[in-house]
Amino acid sequence: MRSENSIKNIIVNVGSQLFSILLSFLCRTIFIRTLGEAYLGISGLFSNILTLLSLAELGVGTAIIFSMYKPLAQNDRKKIGALMGLYKRAYHTIGLIVGAAGLAFTPFYPHFIKNDPGIPNLTVIYLLYIFSTVVTYFFSYKQSIIMADQKNYICTLYQYGFCILQNILQIAILFLTRNFILYLCVQIVFSFFTNFFLARKADKMYPYLKRYEKEKLGRDDKASIIKNIRAMFMHRIGSTVVNGTDILLISSFSGIVSVGIYSNYYLITTTLRGLTSQIFGGITASVGNLGAMEDRKKSYNIYLAINFACFWIFSFCAISLFCLFNPFIILWTRRQDLVFALPIVFMISLNFFVTGMRQATLTFRDAFGLFWYDRYKAVLEAAVNLIFSIILAQRYGIIGVFIGTFISTMTIDFWVEPLVLFRHGFHRPVRTYFARYVYYAALTAVTGYLTYLLCSYLPGAGLAGFAAKCVICLLLPNAVYLVLFWHTREFQYLKGFIHFPKLHKE
């Protein structure tokens, strides 16, 4: 059942995401041509401010979802109901806190805009972003039980179904009115629809929730959840500062137009991260179920295969990003002034790779509930990232922001996260992980250099040249990896994923 749910989650997630990506890029193209990069910059800036305010979530969601794996596996309905009742009360409170914090920040957001973009009704736009974020907290918590029950594909169908309708309507609004406020209102309405109808679906799938939502959790369960929430809050600080401050720093040091240019790169990388996270998100609940019901040796074998998949996916994507970023943006926007210099593109691609290589380790850490052991890592990571990003941005500009992110990842996350997982999750020495990482990174560097060298001999402009570069990026890295890894155990694990029981045989 775990394998069937994982496969179903991955197929639905990836398929829906691909279709949504095409529509989102169409919507972004029309957005650029009707409203311009200043509006893109404002959209990115306000989104990042709200990301920082979402620290109020404290990591409650992740901690409670982890707590649901075992009662779901054991069909303990009273405990599930009690957990969901706690989740509901927590998220309603958090929604009010985020709303209040967002309103309190209203006088200060202009300080993050270096140059006046000349956009009317900026405060109204900012308040709409706050409302869009707050409204999700009152319904989105219901999705957690569906995801914890290994049925993430249901959430995906709802989310991307409404997303497709939203994009279609937003495209029509951009064509007919060029009104950004109306564009945002559509986004708010469909965000509400998605969460509201998913909440109704959860009520139908688990009708016992309302009956048991006022049940009280035991003292030990409460203590465990509070402990995990304290740890996850620190993790939220780290991830929010690292992922949520780049655009703020670029806006402060380089201006809102630079944010608009970066937003296209950011859209592409976040789209790819979203696509890959659907793959790994599709298996997270299954890993949690596995960790709750099976031995860790079996989990370790699955981890090796997933970590190998991480390398292949993110290595291929990072190489392709470096080679295709600028040609794609020029072809897409038809503007030469909306691309960064190659060193900046390299740092964006490098950060994509090193962040992606953490995915398997974080998936298993979250599924095993090992939040407590590396809680201080997140705060240290945030401090290192912010300090280096600000210092380097003052000296080197935009590229300094991305170098700061790279430094914090490699000096903190690179060794702490696998150390915690291997020591407290698998109870194995971590040196094998680092040996694999070095090998994977070196292979990516060599393959990436050869791919870029081959692409550089092709003409940079035009659809034909871009298509030829795409073919090189598709064939060369994957052919090299296929030859090198065909007979490895990890590759055979992945080949046999559909026949999941075979993966557990020693």
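Figured I'd write up the structure that's included with this text. (Residues numbered from 1 in each chain as written. Predicted model: local features only at pLDDT ≥ 70, side-chain atom pairs only at ≥ 80, totals over all residues. Heavy atoms only, no water.)

1. Regarding the overall build of the protein chain
Within the protein chain, the secondary structure is distributed over 20 helices and zero strands. Long-range pairs, those at least 24 residues apart, make up 83% of the contacts in the protein chain between residues at least 6 apart in sequence. Summing over all exposed atoms, the protein chain offers an accessible surface of approximately 22,100 Å²; the carbon and sulfur share of this is 66%. (Helix = DSSP H or I, 4+ residues; strand = E, 2+ residues; numbered from the N terminus. Contact = heavy atoms within 4.5 Å. Areas by Shrake-Rupley, 256 points an atom, 1.4 Å probe, with all protein chains shown as cover.)

2. So, unusual backbone geometry
One non-glycine residue, asparagine 121, lies in positive phi territory at about 60 degrees. Inspection of the secondary structure assignment puts asparagine 121 in the loop between helix H4 (77–104) and helix H5 (122–136). Among the residues examined, asparagine 121 registers a relative accessible area of 46% and is labelled partly exposed. In the Ramachandran plot, arginine 178 falls in the positive-phi region, its phi being about 55 degrees despite a non-glycine side chain. Tracing the backbone through its elements, the reader meets arginine 178 in the loop between helix H7 (152–176) and helix H8 (180–205). Taking relative accessible area as the criterion, arginine 178 reaches 52% and is therefore assigned exposed. (Buried < 20%, exposed > 50% of the residue type's maximum accessible area, 1.4 Å probe, protein only.)

3. What about the pattern of salt bridges?
Side-chain pairs of opposite charge can arise whenever the charged atoms involved come near each other. If you walk through the whole model with that rule in mind, you get seven salt bridges. Note that arginine 358 is salt-bridged to aspartate 413, the shortest N-O span being 3.4 Å. Here the residue arginine 358 occupies a position in the loop between helix H14 (342–356) and helix H15 (359–368), and aspartate 413 occupies one in helix H17 (residues 398–426), the gap between them amounting to 55 residues. Neither residue differs from the other here; arginine 358 and aspartate 413 are each classed as buried. A salt bridge links glutamate 381 to lysine 377; its shortest N-O distance comes to 3.9 Å. Note that glutamate 381 and lysine 377 are positioned in helix H16 (residues 375–396) at a spacing of four residues, about one turn of the helix. (Salt bridge = Lys/Arg side-chain N within 4 Å of Asp/Glu carboxyl O.)

4. Observations regarding the packing of aromatic side chains
What the rule picks out here adds up to 55 aromatic pairs. Summarising the aromatic geometry, the rings of tyrosine 433 and phenylalanine 434 are spaced 5.5 Å apart at their centres and angled 75 degrees between planes, so their arrangement reads as edge-to-face. Site record: aromatic cluster; members linked through ring pairs are Tyr300, Tyr303, Phe364, Phe414, Phe422, Phe426, Tyr433, Phe434 and Tyr437. The ring of tyrosine 300 has arginine 428 lying over it, and the distance from NZ or CZ to the ring centre is 3.9 Å. (Phe/Tyr/Trp six-rings, centres within 6.5 Å; stacked < 30°, edge-to-face > 60°. Lys NZ or Arg CZ within 6 Å of the ring centre and 35° of its normal.)

5. Digging into the side chain of arginine 365
Relative to the helices and strands, arginine 365 resides in helix H15. Residues contacting arginine 365, with those up to four places away along its chain left out, are His235, Leu370, Phe371, Asp374, Lys377 and Leu421.

6. Re H15
Taking burial as the measure, the 10 residues of H15 include eight buried ones, the bulk of the element. Among the residues of H15, Ala360, Thr361, Leu362, Thr363, Phe364, Arg365, Ala367 and Phe368 are the ones counted as buried. Following H15 by one or two positions, glycine 369 has its phi on the positive side, about 75 degrees.

7. So, the environment of serine 299
The residue serine 299 is located in helix H13 (residues 296–333) in this model. On the basis of relative accessible area, serine 299 is assigned to the buried category, the value being 0%.

8. With respect to H17
Taking 1.5 Å as the rise per residue, H17 with 29 residues should run 42 Å; its terminal C-alpha atoms sit 40 Å apart, in good agreement. At aspartate 413, H17 shows its strongest bend, of approximately 40 degrees. Two residues or fewer after H17 comes histidine 427, characterised by a positive phi angle close to 55 degrees. (Expected span 1.5 Å × (residues − 1). Bend = angle between axes of the 7 residues up to and from the residue.)

9. Regarding the nonpolar core
One recurring pattern in soluble globular proteins: nonpolar side chains tend to sit buried together. Of all hydrophobic cores here, the largest spans 136 residues; its most connected members are Phe46, Ile145 and Tyr303. The element best represented in this core is H13, accounting for 20 residues. What phenylalanine 46 contacts, discounting residues up to four positions off in sequence, is Tyr109, Leu122, Ile125, Tyr126 and Tyr129. (Core = buried A, V, L, I, M, F, W, Y, C linked by side-chain atoms within 4.5 Å.)

10. Side note on a nonpolar patch on the surface
Together, Val446, Tyr449, Leu450, Leu453, Leu454 and Tyr457 make up a nonpolar patch on the protein surface, roughly 640 Å² of accessible area in all. Structurally, leucine 450 can be placed in helix H18 (residues 431–456). On the basis of relative accessibility, which here comes to 45%, the residue leucine 450 falls in the partly exposed class. (Patch = residues over 30% accessible without salt bridge, like charges linked within 9 Å, V, L, I, M, F, W, Y side chains within 5 Å.)

11. Examining the state of the cysteines
Within this structure, the stated rule accounts for zero disulfides. Cysteine 323 takes part in no disulfide bond, and the closest cysteine sulfur to it belongs to cysteine 473, at a distance of 4.2 Å. (Disulfide = S-S within 2.5 Å.)

12. A short note on the environment of leucine 324
For leucine 324, the location among the structural elements is in helix H13. Separated by 128 residues in the primary sequence, leucine 324 and tyrosine 452 have C-alpha atoms spaced 9.2 Å apart. Residues within four places of leucine 324 in sequence aside, it is in contact with Phe466, Lys469, Cys470 and Cys473.

13. Focus: the side chain of asparagine 195
As for its placement among the helices and strands, asparagine 195 is situated in helix H8. Residue asparagine 195 is classed as buried on the basis of its relative accessible area of 8%. Not counting residues up to four positions away in its chain, the partners in contact with asparagine 195 are Thr136, Phe139, Ser140 and Gln143.

14. Brief notes about the packing of helix H11 (residues 246–254) against H17
Taken N-terminus to C-terminus, the directions of H11 and H17 make an angle of 155 degrees; their axes are 9 Å apart at the nearest point. With respect to H17, the axis of H11 lies roughly antiparallel. When you trace H11 past H17, the crossing you get is right-handed. When H11 is examined against H17, the residues Asp246, Leu249, Ile250 and Ser254 are found in contact with a partner set consisting of Ile398, Val401, Phe402 and Thr405. Considering only residue class, the contact of H11 with H17 consists of five nonpolar, two polar and one charged. (Axes fitted to C-alpha atoms, helices over the stretch in contact; angles between N-to-C directions. Parallel < 35°, antiparallel > 145°, perpendicular 65-115°, else oblique. Left-handed = near helix turned anticlockwise from the far one by under 90°. Nonpolar A, V, L, I, M, F, W, Y, C, P; charged D, E, K, R; others polar.)

15. Side note on the packing of H5 against H8
Pairs of packed helices are described in terms of their axes, by the angle between the two and the distance that separates them. Across the interface, H5 lies against H8 with an axial gap of 9 Å and an inter-helix angle of 5 degrees. With respect to each other, H5 and H8 are oriented roughly parallel. Contacts from Val124, Ile125, Leu128, Tyr129, Phe131, Ser132, Val135 and Thr136 of H5 reach H8 at Phe180, Ile181, Leu184, Cys185, Gln187, Ile188, Ser191, Phe192 and Asn195. Within the contact of H5 with H8, the residues separate by chemical class into 12 nonpolar, five polar and no charged.

16. Re the environment of valine 134
Here valine 134 shows up in helix H5. Measuring from C-alpha to C-alpha, the distance between valine 134 and glycine 102 comes to 9.3 Å, with 32 residues separating the pair along the chain. Apart from the residues lying within four places of it in its own chain, the contact partners of valine 134 are Gly95, Val98 and Gly99.

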